Amino acid sequence: MNGSARCSLRADSLRAVSLPAAALLAAALLCLAAPAGALTVLYTASLNGNLDGCDCRGHPRAGLAARAAWLRGYQGEALLVDAGDILDVAPDPELAREILEAYAELGYDAVALGDQEFSNGAQAVASWRGRFPLSANNLTLCLEDRCVFFSPEPLIKNRGGETVGVLALLDPRVFALYPEELRRSLKLEEPAQAAAPLVSALRARPVDWVVVLYHGPLEEAERLAARVPGIDLVVVGHEQRLVLPRLVEGTLLVSPGEEGNRVGMLTLRKNALDRTRSAHQFWQCRFDHPRDPLILARLERYRSKLREALKEENAAAGR
Ligand SMILES: [Zn+2]
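Small disclaimer: the values here were computed from a predicted structure and weren't measured.

**Re the sheet that holds strand β10 (residues 162–170)**
The mixed open sheet is built from 6 strands, whose spatial order is β9-β10-β12-β13-β15-β14. For this open sheet the edge positions go to β9 (155–159) and β14 (242–248), each flanked by a neighbour on one side alone. For this sheet, the mean inter-axis angle between neighbouring strands, taken without regard to orientation, is 20°. Against the sheet, helix α6 (residues 191–204) makes contact with β10 and β12 (209–215), and its axis sits at roughly 170° relative to β10, the strand it touches most.

Written as structure tokens, this is what we have:
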């Protein structure tokens, strides 16, 4: 990692589950290299369409430009995931395209579909399927006379010699206030019901680790962790609540909080009793941190298209 100066390491938020203080300190000092038999997971959520970010007092947003600079400097071998709501709540196809392309370019392994990913309509989401690392293992999208299972299989990755199965689940409750027309095009299986056979199949495969990206209420994610055996880690997005690693019936659960401002880094390993141990830290990104030139180029292209569109609109209105 050569990006340690780019975002702040929050020593005060450094936590470990089931690790004594000395081991925690060692993990912090050696945080850049996952030990043998360990899996490192970098996780984010809730970018909310902030390609640029904002140095706003009381509501700071680092933006993808700052996060990307840090991620590009990361030199370890890690699973890189996001728990969803990467797009703005308002429809903006150009911004959506820039953000989706940037996530693919940054090497995200999986991004859970969140409700905000539907801000440009279900048709747009269907057109992104397979082109970007978006995932939802309990979603069937029905458009006109055709229904498509969005992510039929869990993702399997190998990171640092460890095999990991990744599932993404979209909680139907997050669409409670969305228009009926959109809700009609989404068939969402109850997350725990969808997860149970998929997790069993992953365990039988076998994989070393099972990671679930859960887009929905924290309480429902906790319920899933308690009900479905065999999950090592649940990364939660949607409510933008900061949850430091905690164990729910032996499953680790985390949530990186508001506005995509943090990159969480977890190193997982199993003890002799096959229980998960972890070392954890956050990189708190800020708007004034170094910004990635490729994301800034995307931002400039997006803004120039906006200016062009505005010019055309004014010309058409005779202004
Ligand atoms: Zn959401």
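**A few points about the sheet that holds strand β7 (residues 139–143)**
Taking strand neighbours across the sheet as the criterion, the 3 strands line up as β8-β7-β11 in an open arrangement whose pairing is antiparallel. Of all strands in the sheet, those bounded by a partner on one side alone are β8 (146–149) and β11 (186–188). When the angles between neighbouring strand axes are averaged without regard to direction, this sheet yields 20°.

**A short note on helix α7 (residues 218–227)**
Along α7, the positions that sit buried rather than exposed are Glu 220, Ala 221, Leu 224 and Ala 225. Buried residues of α7 fall within an arc of 145° about the axis and therefore sit on the same side. Along its buried surface, α7 packs onto α6, β12, β13 (233–237), β14 and β15 (251–256).

**Considering the pairing of β15**
Judged by how many residues are buried, β15 sits mostly within the fold: 6 of 6 residues are covered. Where β13 and β15 come together, 3 bridges link them in parallel fashion. Bridging from a neighbouring strand, Val 234 pairs with Leu 253 of β15. In the sheet, β14 pairs with β15 via 5 bridges, with the strands oriented antiparallel. For Leu 247, the partnering residue across the bridge sits in β15 and is Leu 252.

Here is what the cut-offs are and how they apply
Residues numbered from 1 in each chain as written. Predicted model: local features only at pLDDT ≥ 70, side-chain atom pairs only at ≥ 80, totals over all residues. Pairing = 2+ DSSP bridges. Helix = DSSP H or I, 4+ residues; strand = E, 2+ residues; numbered from the N terminus. Axes fitted to C-alpha atoms, helices over the stretch in contact; angles between N-to-C directions. Contact = placed C-beta atoms within 7 Å. Buried ≥ 20, exposed ≤ 12 C-beta atoms within 10 Å, placed from the backbone. Arc of directions from axis to C-beta.

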